[in-house]
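Coordinate inspection notes
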Amino acid sequence: MSKREKKQATLVDALIPIVCLALFLGISIFKYGASPHVPLIGGAIVAGLVAVYRLGFEWSELEESMFSSIKMAMQAILIIMIIGVLIGTWIISGVVPSMIYWGLKILSPGIFLAATTIICGIVSLATGSSWSTMGTVGVALLGIGQGLQIPAPIVAGAIISGAYFGDKLSPLSDTTNLAPAMAGATLFEHINYMLYSTIPSLLICLVLYGIIGMRYGGQELDMSNINLIRDTLASSFNTLSPILFIPPMVVIGLVIFKVPAIPGLIFGAILGFVFAIVFQGASVGDIISAAHTGFVSNTGIAEVDELLSKGGLMSMMSTVSLTISALALGGILEKTGMLEALASALLKFAKGTFGVVFSTMVTCVMTNTVAGEQYLSIVIPGRMFKDEYAKRGLHPKMLSRALEDSGTMSSALVPWNTCGAYIYGTLGVSTFAYLPYAFLNLINPIVSLFLIAIKFKIATIPKKEVNK
């Protein structure tokens, strides 16, 4: 293939793969009920053809950009795989069953959803990781909710809302550090400014979860079903003592003390391996099988078997392949300047402070949807809009908050995004099922834009600093 002079991507160039991707996804998901894997690959093919035949890129350049994009998320991919192993070992060891057993005894339907949001928020705030929160206490809370006869999508929404609240405000979170770094703000400037939009959003969520909880709490609770689940769990494991809470507590402690996520989660899986032998008398072969292909429950009680038959490395392979496909597409779109062309088009309509913030947030959501990676939704718009905020005299913390209120929050609402795919792989609830109930992720961007619209706490920088 002969070298040609490269062209700058135009809006038309950028829209070709975007429109094709939307068509591929719509037909595949809504008409045939298929997964988004193949449509994403189709979108990457169209983007590659546009890049080569319209913009003059070499295939080797596109290949390098795809590898670079995938490399950026390799830590996330490894975490996804380890979480699968961890869930498998924690079920066979009795850790997850024990949390479900005791949770069914303590929590009631009326307060469960609000309590779930608060619990996940505290754990995520302490650890700085929504993923670790959802993959540990989130899995147990989902089981408790199902035992209380609350639909799984509603429980998943409460788990996600709490996990993202804590992750968003925790100084230990990678995205909470990444957003101000891209915008030029300091970490605590960023966190303090986010409180104005995040706290009201959480309060609204708790009210909504409280209202939904009252609906379930107002019904006569079928204690016979709950007792059946608890009795079945007790008879299926040698012990369900609170001592089995140690592995999740250790993992949370490791994260608090800033032990990197991968070794921390591996240690949690090892604890599950040891606890399975010590407390459940499981054989090494059974534990390896649970870590590899997942735990299979054969109690004969459908509710319990549904709760416990999950986990394992192989259960995450669909998520991993989905993540890689999305990142390959995102790498091409970023390298060729197609994402930048879309953002530039948006800025033409950005009138005033509200316009530029709105454009930023739309770009973040668009990047999450097209590139399929939460980090890219913060890095790319952050780089693109930083100078525009400075020109308009807006403080960098306004940009960093916009990046988090939209980029971080919307990542869980896209099925092929690394976050959406992870949640489906971990909780087993599809994105479109939990999306209407992930209240914080839906409400937070709206609250953020409302505050800008009423000019509440608009942060500016002195004119002499703008002119520097």
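Residues numbered from 1 in each chain as written. Predicted model: local features only at pLDDT ≥ 70, side-chain atom pairs only at ≥ 80, totals over all residues. Heavy atoms only, no water.

1. Regarding the overall build of the chain
Which entries qualify depends on this criterion: Runs of E in the DSSP output that reach at least two residues are strands. Runs of H or I that reach at least four are helices, and both are numbered from the N terminus. Think of it in three bands: with a 1.4 Å probe and only protein chains considered, a residue is buried below 20% of the maximum accessible area for its type, exposed above 50%, and partly exposed in between. Note on areas: Shrake-Rupley, 1.4 Å probe, and residue coverage restricted to the protein chains presented here. Counted as positive: Lys and Arg. Counted as negative: Asp and Glu, with His and the chain ends omitted from the count. By convention, the charge on Lys lies at NZ, on Arg at CZ, on Asp at CG and on Glu at CD.
Across its full length, the chain holds 24 helices and zero strands. When the backbone C-alpha atoms are referred to their principal axes, the chain occupies close to 70 × 55 × 45 Å. Every one of the 468 residues in the chain was classed for burial, and the buried ones make up 57%. With an accessible surface of roughly 19,100 Å², the chain has 67% of that area assigned to carbon and sulfur atoms. Taken as two groups, the 27 positive and 24 negative side-chain charges of the chain have centres that lie 12 Å from each other.

2. A closer look at the layout of surface pockets
Selection criterion: Here a cavity is any set of points on a 1 Å grid over the protein atoms alone where a 1.4 Å probe fits but cannot get out, and a pocket is any open set with protein on both sides within 12 Å along at least 5 of 7 lines; a residue lines the site when it has an atom within 4 Å of a point. Grid points are joined across faces, edges and corners, and a volume is the space filled by probe spheres set on the points. Polarity classes work like this: nonpolar for Ala, Val, Leu, Ile, Met, Phe, Trp, Tyr, Cys and Pro, charged for Asp, Glu, Lys and Arg, and polar for all others, with Gly in that last group.
Each pocket or cavity is described by its volume, and for the second largest pocket that value is around 350 Å³. As for the second largest pocket, its lining consists of 14 residues, of which M99, G103, L141, I144 and F245 are closest to the centre. Within the residue set of the lining of the second largest pocket, elements represented by two or more residues are α5 (95–106), α7 (130–147) and α12 (246–256). Across the lining of the second largest pocket, the residue classes tally to 13 nonpolar, one polar and no charged.

3. Overview of the pattern of salt bridges
Where we set the bar: We count a salt bridge whenever a side-chain nitrogen from Lys or Arg sits within 4 Å of a carboxyl oxygen from Asp or Glu.
With the rule as written, the count across this model stands at five salt bridges. Measuring nitrogen to oxygen at the nearest pair gives 2.5 Å for the salt bridge that ties D405 to K168. Here D405, found in helix α20 (residues 396–410), pairs with K168, found in helix α8 (residues 152–169); they are 237 residues apart in sequence, far enough to count as distant. Residue R392 pairs with E388 through a salt bridge whose shortest N-O separation is 2.8 Å. Each of K168, R401 and D405 takes part in one network of salt bridges that share partners.

4. Topic: α20
Note the following rule: To estimate the expected span of a helix, subtract one from its residue number and multiply by 1.5 Å.
Counted at 1.5 Å a residue, the expected span for α20 with its 15 residues is 21 Å, and the 21 Å between its end C-alpha atoms agrees. Counting buried residues in α20 gives 13 out of 15 residues, a clear majority hidden from the surface.

5. Brief notes about the packing of aromatic side chains
Here is the rule: Planes of paired rings set the category: under 30 degrees apart is stacked, over 60 is edge-to-face and the rest tilted, where pairs are Phe, Tyr or Trp rings (Trp by its six-membered ring) whose centres lie within 6.5 Å. We count a charge as sitting over a ring when the NZ of a lysine or the CZ of an arginine lies within 6 Å of the ring centre and within 35 degrees of the ring normal.
Here the structure, examined in full by the defined rule, presents nine aromatic pairs. A ring pair is formed by W131 and Y422, whose centres lie 4.2 Å apart and whose planes are at 5°; its orientation type is stacked. Taken as a pair, W131 in helix α7 and Y422 in helix α21 (residues 418–427) lie far apart in primary sequence, 291 residues in all. Take W131: its relative accessible area is 11%, and that puts it in the buried class. Here a set of aromatic residues connected by ring pairs shows up, and it is made of Y193, Y196 and F456. We note R230 situated over the ring of Y101; from NZ or CZ to the ring centre the distance is 4.1 Å. A cation over an aromatic ring shows up here: R401 above the ring of Y193, its NZ or CZ 4.2 Å from the ring centre.

6. Things to note about the side chain of T367
Convention followed: Counting of polar contacts relies on pairs of N or O atoms within 3.5 Å, with two restrictions inside protein: one atom must be capable of donating a hydrogen and the other of accepting it, and residues adjacent in sequence are counted only when both atoms are side-chain atoms. A contact between two residues is defined here by any heavy atoms of the two lying within 4.5 Å.
Inspection of the secondary structure puts T367 in helix α18 (residues 352–371). Side-chain polar atoms of T367 contact the backbone oxygen of T363, separated by 2.7 Å. In this view, T367 contacts L339, G372, L376, S377, I380 and P381; residues no more than four positions away in its chain are not counted.

7. Concerning the packing of helix α2 (residues 37–53) against helix α16 (residues 317–335)
This is how it is decided: Working convention: axes come from line fits to C-alpha atoms, limited for helices to the stretch in contact. Angles between N-to-C directions cover 0 to 180 degrees. Should an angle fall under 35 degrees it is taken as roughly parallel, and over 145 as roughly antiparallel, whereas 65 to 115 is taken as roughly perpendicular and any remaining angle as oblique. Crossings are sorted by hand: turned counterclockwise from the far helix by less than a right angle, the near helix makes the crossing left-handed, and turned clockwise it makes it right-handed.
Where α2 meets α16, the axes come as close as 9 Å, and the angle between the chain directions of the two elements is 20°. The pairing of α2 with α16 is recorded here as roughly parallel in orientation. As α2 runs across α16, the sense of the crossing is left-handed. Here H37, L40, I41, G43, A44, A47 and G48 of α2 come into contact with α16, specifically with S318, S321, L322, S325, A326, L329, I332 and L333. Looking at the contact of α2 with α16 residue by residue, the classes come out as nine nonpolar, six polar and no charged.

8. Let's talk about α16
Taking 1.5 Å of rise per residue, the 19 residues of α16 would be expected to cover 27 Å, and the 27 Å separating its terminal C-alpha atoms lies within 8% of that figure. At the exit of α16 stands G337, carrying a positive phi of roughly 80°.

9. Let's talk about the confidence of the model for the chain
Note the following rule: One confidence number per residue, pLDDT, is output by the predictor and ranges from 0 to 100.
Mean pLDDT over the chain stands at 86; residues scoring 70 or higher make up 96%. Mean pLDDT values over the elements of the chain span from 56, in helix α24 (residues 463–466), up to 96, in helix α23 (residues 439–453).

10. Observations concerning the state of the cysteines
What counts here: Pairs of cysteine sulfur atoms within 2.5 Å are identified as disulfides in what follows.
The tally for this structure, following the rule as stated, stands at zero disulfides. C120 takes part in no disulfide bond, and the closest cysteine sulfur to it belongs to C205, at a distance of 13 Å. C419 takes part in no disulfide bond, and the closest cysteine sulfur, belonging to C364, lies 13 Å away. Exposure remark for C419: the relative accessible area of 1% places this residue in the buried category.

11. Focus on the environment of G213
Looking at the secondary structure, you find G213 in helix α10 (residues 187–217). Taking the C-alpha atoms as reference points, G213 and S130, 83 residues apart in sequence, are found 23 Å from one another. Apart from the residues lying within four places of it in its own chain, the contact partners of G213 are P109, G110 and L113.

12. A word on a nonpolar patch on the surface
Here is the rule: A residue counts toward a patch only above 30% relative accessible area and without a salt bridge, and it is joined to like-charged neighbours within 9 Å or, for Val, Leu, Ile, Met, Phe, Trp and Tyr, to nonpolar neighbours within 5 Å.
On the surface, L11, L15, V19, L23, F24, I27 and Y32 cluster together into a nonpolar patch covering about 650 Å² of accessible area. One can find I27 in helix α1 (residues 11–31).

13. Here's the deal with the environment of Y437
Counting through the fold element by element, Y437 comes out in the loop between α22 (431–434) and α23. Sequence spacing of Y437 and G33 is 404 residues, and the spatial spacing of their C-alpha atoms is 22 Å. If we skip the residues at most four places from it in the chain, Y437 touches P153, I154, G157, A158, S161 and Y209.

14. Considerations on unusual backbone geometry
For Q149, which is not glycine, the phi dihedral falls at a positive 70°. Assignment of secondary structure puts Q149 in the loop between α7 and α8. Q149 sits in the partly exposed class, given a relative accessible area of 36%. We note that K455 has phi near 60°; this positive angle belongs to a residue other than glycine. Here K455 is to be found in the loop between α23 and α24. The class for K455 is exposed, based on a relative accessible area of 66%.

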